Amino acid sequence: MCESLQGLIGDYKFMFTNGLVYRFFSAGKYLICLPLVLVFILISFSLSSVSGNSVSLTDSIWGTSASFIHLMLTLTGALVIICLLIIYFSLKLKRLNAELLAKNRDIITENKDLLKVKNELAFQKELGAKKHYESEEFFRILVQSVSDGISFYDKDRNLKYANPAFFTVTGTDRESYTYKAFTANLHPEYNDYSKKREDGLFKDGFYESDISIRHKNGNYVILSTRSVVVKSNTGEMLGSLTVMRDITKLRNGMEEILKTNIESETSNRLKAGFLANISHEIRTPLNSVVGFANLLLDDNLERETREEYVEHINYNSEKLLQIIGDIIDLSRLSSSQIQITYEEASLYELVGEVMDDAKVIIKRTDKPIILSVKNDTGGSNDLVFTDRIWLKRVLNHLMDNAIKFTLDGSIELIYSIDNNYIVFIVKDTGIGINKENLARIFEEFRQEVDGHHRPFEGLGVGLTLAKEVVERMGGRINVESEKGIGSAFRFQIPYRPAGTRSRLRQAAADTMEKPVDWRTHKCLLVDDNRDVLIYLSRILVDTGISILTARSGFEALEMVKADNSIDVVILDMQMPEMNGIEATKEIKKFRINLPIIAQTAFVFENDTDIILEAGCDACLIKPIRREHLITVMSSFIKQE
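## Topic: the pattern of salt bridges
- Considering all chains together, one arrives at 20 salt bridges under this definition.
- One salt bridge connects K160 with D154, and the closest N-O pair in it is separated by 3.9 Å.
- In this structure D154 comes out as buried when scored by relative accessible area, which is 16%.
- Between K522 and D563 there is a salt bridge whose closest N-O contact spans 2.9 Å.

What follows is the structure in structure tokens.
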């Protein structure tokens with residue numbers, strides 16, 4: 001094809017050169033007119049010259065004219081010959097040019113044919129490449145490259161072909177592989193895989209199944225398999241082709257998703273039950289509080305009856321406070337806001353308070369239960385560093401739980417110090433717990449019997465809170481129980497011995513030993529709620545202290561500026577316009593040594609920290625009890 005193109009280029013060069021020659025000779029046929037014109041001019045000039053002379057000169061003129069005419073004829077003949085030659089060559093060149101044009105058209109046609117041949121060759125080349133890809137070698141490369149295991153067995157289950165991925169996913173070796181060894185590594189659950197596979201191939205021509213096989217690393221892997229019958233063009237069965245894919249991660253992921261969905265559904269169901277329990281648990285004691293409070297309006301009540309009503313109100317109010325506290329603690333537990341703060345505490349006093357609370361509950365429920373305490377500390381230091389409030393909450397939850405599920409019998413609280421741990425055990429002779437429920441007894445909202453048929457009240461969060469608090473303290477909790485025999489909850493926390501009593505606890509002890517006399521002191525009560533001011537004034541009236549009241553932060557600020565005799569301020573933190581924190585900062589600017597005791601309904605540790613950082617000297621959590629208020633005020637007011 002290259003030689004044809006070179007010939008084509010040569011022909012074009014030839015045509016170009018001869019074309020110029022043709023145009024040159026074509027122009028020559030017009031040049032023949034030039035000598036004819038010259039001859040005509042010369043003859044005319046000669047004739048004009050002869051006509052102007054005399055007759056005498058005729059002979060000489062004609063002699064001269066004859067030679068001139070001869071010359072002219074000679075020139076004319078030469079020119080005619082030249083012109084004839086030019087015309088001849090012009091005609092010949094014209095014919096040659098026509099031949100060249102025809103040859104040019106032939107060359108263009110040939111060039112088009114060559115392009116067609118070129119395109120055909122390219123198509124054949126592409127077709128050859130495609131056939132190469134479809135060759136046996138190409139398919140072998142493809143099968144070798146896939147990540148799924150591919151294997152071919154003949155009719156006698158002999159492995160005839162397997163790609164590298166087959167041995168990777170099955171965890172076997174090419175050299176030692178046998179079908180018998182393959183089936184021997186199957187999980188016992190899939191021992192019938194081989195038979196089912198053969199039956200499926202015989203009946204349907206294919207078989208699909210997920211299997212579990214022991215990998216060479218010792219772990220079981222899950223494979224998704226599909227086997228199909230392979231036949232020849234004549235319909236003869238050649239064997240079976242099996243494709244295997246490792247779906248272990250996929251299956252584990254699906255199981256995790258399924259587990260998460262089940263847990264989510266369970267949690268939603270438990271929360272729904274929890275909300276229903278909240279409604280019941282709150283409305284029941286609230287009904288008693290409102291009902292007995294209305295009964296107190298009767299002027300004809302005897303003293304004993306009035307005291308009974310008040311006792312009912314107090315008991316149900318305490319119960320409401322406990323429920324609200326549990327709900328708040330649950331919220332803190334969910335948001336990881338439970339913080340442990342360490343202070344000095346007496347184990348003996350702490351256990352005594354827990355037992356007093358338990359006695360009140362038993363008296364209210366009128367159950368024949370015997371309470372007992374066993375101190376196995378062996379004379380060890382009774383004062384320890386711990387979170388007194390949370391530790392008491394844990395013990396109260398365990399004692400309440402024991403009393404709730406003990407219809408009659410005994411409850412024993414045992415505490416001891418063992419290997420740098422304080423160990424508490426609450427044993428009861430109650431109804432006990434089924435063994436299948438022991439593993440989830442500490443989960444939130446869990447109760448052994450749920451729904452409207454449950455025989456015992458409660459929100460199902462007490463044990464959850466107890467477990468979380470104990471673990472936050474660096475300890476652990478467990479339970480041993482037998483249905484119909486009783487239960488024993490045991491927990492331990494690190495033992496941190498302490499020294500002398502703190503100033504606040506010493507002040508509380510001193511306050512309990514002798515009556516309070518604050519007649520020469522003055523206290524400012526600040527709260528936007530009128531009922532709170534009345535309540536605080538009533539519980540302080542026996543101390544003899546002079547009481548001033550304010551309904552806002554601005555009013556309190558003006559009263560402190562106007563009266564330098566104010567000894568202590570009891571300040572609410574949540575008020576309109578100027579809250580307690582802002583008022584505290586303003587008061588401390590000009591009376592930095594004036595004790596300010598905050599009262600608040602916020603119970604989170606970070607709220608308390610903010611209050612103390614603002615300048616308050618102490619913080620009381622609502623509802624405020626008289627003995628607690630007197631104890632805190634005693635640390636700032638001197639006794640007369």
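## Describing the environment of I247
- Take I247: it is sitting in the loop between β5 (237-246) and α8 (248-295).
- When the C-alpha atoms of I247 and V221 are compared, they prove to be 7.8 Å apart, with 26 residues separating the residues in sequence.
- Beyond its immediate sequence surroundings of up to four residues, I247 is in contact with D210, I222, L223 and S224.

## Details of helix α7 (residues 193-204)
- Here α7 is twelve residues long and its end C-alpha atoms lie 16 Å apart, about the 16 Å a rise of 1.5 Å per residue gives.
- The complete set of buried residues in α7 reads Y193, S194, R197, G200 and L201. The buried residues of α7 occupy an angular sector of 130 degrees when projected down its axis, which confines them to one face. Every exposed residue of α7 that faces more than 90 degrees away from the buried side is listed here: K195, F202 and K203.

## Some details on the packing of aromatic side chains
- Applying the stated criterion to the full structure yields eleven aromatic pairs.
- Relative to Y207, the ring of Y193 lies with its centre 6.2 Å away and its plane at 50 degrees, an arrangement referred to as tilted. Of this pair, Y193 sits in helix α7 while Y207 sits in strand β3 (residues 206-214), and the two are 14 residues apart along the sequence. Comparing Y193 with Y207 shows no difference in burial state: the two are buried.
- Above the face of the Y315 ring, R364 is positioned so that its terminal group lies 4.3 Å from the ring centre.

## What to know about the packing of helix α15 (residues 553-562) against helix α16 (residues 580-590)
- Running from amino to carboxyl end, α15 crosses α16 at an angle of 15 degrees, the nearest separation of the two axes being 10 Å. In terms of axis orientation, α15 runs roughly parallel to α16. Crossing geometry of α15 relative to α16 is assigned as right-handed. Across the interface between the two elements, G553, L557, V560 and K561 from α15 touch A583, E586, I587 and F590 from α16.

## What to know about helix α11 (residues 388-404)
- With 17 residues, α11 extends 24 Å between its outermost C-alpha atoms, agreeing within 8% with the 24 Å of an ideal straight helix rising 1.5 Å per residue.
- Across the 17 residues that make up α11, a large majority, 13, are buried.

## Quick word on the sheet that holds strand β2 (residues 159-162)
- Taken together, five strands build an open sheet; the order of strands is β2-β1-β5-β4-β3 and the sheet is antiparallel. Each having just a single partner strand, β2 and β3 make up the two edges of the open sheet. On average, each strand axis in the sheet is tilted by 25 degrees relative to the strand beside it, whichever way the strands run.
- Its contacts with the sheet place α7 against β1 (149-154), β3, β4 (220-231) and β5, and it is angled at close to 165 degrees to β3.

## A closer look at the pairing of β1
- Counting buried positions along β1 gives six out of six residues, so the element sits mostly inside the fold.
- The alternating pattern of β1 places G149, S151 and Y153 on one face and I150, F152 and D154 on the opposite face, and all of these are buried.
- Examined bridge by bridge, β1 and β2 share three bridges and lie antiparallel to one another. Within β2, the position partnered with Y153 by the bridge is L159.
- From the end of β1 to the start of β2, which pair antiparallel, there are four residues, and R157 there has a positive phi angle of about 65 degrees.

## Digging into the sheet that holds strand β7 (residues 369-376)
- The strand order across the open sheet built from five strands is β7-β9-β10-β12-β11, with neighbouring strands paired in mixed fashion. Taken across any chain shown, the strands that pair with only one partner, and hence form the sheet edges, are β7 and β11 (476-482). Adjacent strand axes in the sheet meet at a mean angle of 10 degrees when their direction is disregarded.
- Looking at chain direction, β7 and strand β9 (residues 409-418) are connected through eight bridges and run parallel. By the bridge assignment, D376 is partnered in β9 with S416.
- Strands β7, β9, β10 (421-428), β11 and β12 (486-494) of the sheet are contacted by α11, whose axis makes an angle of about 175 degrees with β12.

Reading the values: rules and limits
- Sequence order as written defines residue numbering, which begins from 1 separately in each chain.
- Only residues with pLDDT of at least 70 get local features here, since the model is predicted, and only at 80 or more are side-chain atom pairs given and counted; chain-wide, interface and lining totals rely on the full set of residues.
- Side-chain metrics in this entry use all non-hydrogen atoms of the structure; hydrogen atoms and water are not considered.
- By salt bridge we mean one thing: a side-chain nitrogen of Lys or Arg within 4 Å of a carboxyl oxygen of Asp or Glu.
- Working definition: with a 1.4 Å probe on protein chains only, accessible area under 20% of the residue-type maximum means buried, over 50% means exposed, and in between means partly exposed.
- Runs of E in the DSSP output that reach at least two residues are strands. Runs of H or I that reach at least four are helices, and both are numbered from the N terminus.
- A contact between two residues is defined here by any heavy atoms of the two lying within 4.5 Å.
- The span one expects for a helix is its residue count, reduced by one, times 1.5 Å.
- It is the directions from the helix axis to the C-beta atoms whose arc is reported.
- Paired rings are identified among Phe, Tyr and Trp, the last through its six-membered ring, by centres lying within 6.5 Å, and are further divided according to the angle between planes into stacked (under 30 degrees), edge-to-face (over 60) and tilted (the rest).
- Definition used: whenever NZ (Lys) or CZ (Arg) falls within 6 Å of the ring centre and also within 35 degrees of the ring normal, the charge is taken to sit over that ring.
- Axis geometry follows a simple rule: fit a line to the C-alpha atoms, using only the stretch in contact for helices, then measure angles between N-to-C directions, giving values from 0 to 180 degrees.
- Each angle gets one of four labels, with under 35 degrees taken as roughly parallel, over 145 as roughly antiparallel, 65 to 115 as roughly perpendicular, and the rest as oblique.
- Here is the rule for handedness: rotate from the far helix to the near one, and if that takes an anticlockwise turn smaller than a right angle the crossing is left-handed, while a clockwise turn gives right-handed.
- We treat two strands as partners when DSSP finds at least two bridges between them.

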